[in-house]
Amino acid sequence: MLELYKAFRMKSFMLMILSFFLITTSSYGKEIKMVTVNWPPYFGENLKGQGLVVKIIKASLKEKGHSLLVDYIPWKRAVNYTKKTSTYHALLGCFHTLEREKHYIFSSEIASAAFHFLFRNDLKSKIIRKPEDLIGLRIGVVRGYVFSKRLKDFIKQNDGFMKIKEVSRFNHAIRMLMKRKLDVVIENPLVARYEFKK
């Protein structure tokens, strides 16, 4: 039986800003509606108090006389809803990019998070230290996630030399990894550990 997964920290690819977008709250009344994906242990509908990040946001809004409602849906859909509709006031738990600045106003940083490469123990000889080490691998990512410009550019330039498989939820990627349909999954290590304990 294989050990589950190994995570390797890739400092050059890390995005350290985990923030939520909050358009001016005064024009929306007392209840602020946010949307996101379940991303435990940071936030999730089945976590106590919906997780630490939601607790922080609730406390901050309460000081201003507002309450908070958070809906949990697949990530790509959450991004699209906040860009194209007025159903939600904010997108919770999103990494900062220049592209996203065109659509959102960012809050200050609430928590830090990083992405790591996760793979089965039988691939431990394949150490990932630089983008070139991804060539020839089947890589799973959650649809709508953003990564560093360096990694995005490398994937674009090497299209055909590696396969990127987008999934709607992280647990789908884990199942594909265990069935050997993927070689590597990119995810936050705390989120991965939480999923493995389930």
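Residues numbered from 1 in each chain as written. Predicted model: local features only at pLDDT ≥ 70, side-chain atom pairs only at ≥ 80, totals over all residues. Heavy atoms only, no water.

*Asks:* Mind showing me how you'd approach the overall build of the protein chain here?
*Replies:* From N to C terminus, the protein chain includes six helices and eight strands. Scored against the burial criterion, the 198 residues of the protein chain give a buried share of 47%. Put simply, 73% of the contacts in the protein chain that link residues at least 6 apart link residues at least 24 apart. For the protein chain, the accessible surface area stands at approximately 11,000 Å², while carbon and sulfur atoms represent 52% of it. (Helix = DSSP H or I, 4+ residues; strand = E, 2+ residues; numbered from the N terminus. Buried < 20%, exposed > 50% of the residue type's maximum accessible area, 1.4 Å probe, protein only. Contact = heavy atoms within 4.5 Å. Areas by Shrake-Rupley, 256 points an atom, 1.4 Å probe, with all protein chains shown as cover.)

*Asks:* I'm lost on the sheet that holds strand 2 (residues 31-36) in this one. Help?
*Replies:* By definition, the strands of a sheet pair up through backbone hydrogen bonds, in either a parallel or an antiparallel sense. One open sheet holds the three strands; their spatial order is 3-2-4, and the pairing between them is parallel. Edge positions in the sheet fall to strand 3 (67-72) and strand 4 (90-91), since each of these pairs with one other strand and no more. Two elements, strand 2 and strand 4, share two bridges in a ladder whose sense is parallel. Within strand 4, the position partnered with M34 by the bridge is A90. The sheet contacts of helix 1 (residues 52-63) involve strand 2 and strand 3, and relative to strand 3 the element is tilted by about 150°. (Pairing = 2+ DSSP bridges. Axes fitted to C-alpha atoms, helices over the stretch in contact; angles between N-to-C directions.)

*Asks:* I would appreciate a short explanation of the packing of aromatic side chains in the present structure.
*Replies:* To describe a pair of aromatic rings, you give the distance between the ring centres and the angle between the ring planes. Tallying each qualifying case throughout the model produces six aromatic pairs. Between F95 and F115, the ring centres sit 5.1 Å apart and the planes meet at 50°, which makes this aromatic pair tilted. Within this pair, whereas F95 is found in the loop between strand 4 and helix 3 (98-101), its partner F115 is found in the loop between helix 3 and strand 5 (116-120), the two being separated by 20 residues in sequence. The pair formed by F95 and F115 is uniform in burial state, with each residue classed as buried. (Phe/Tyr/Trp six-rings, centres within 6.5 Å; stacked < 30°, edge-to-face > 60°.)

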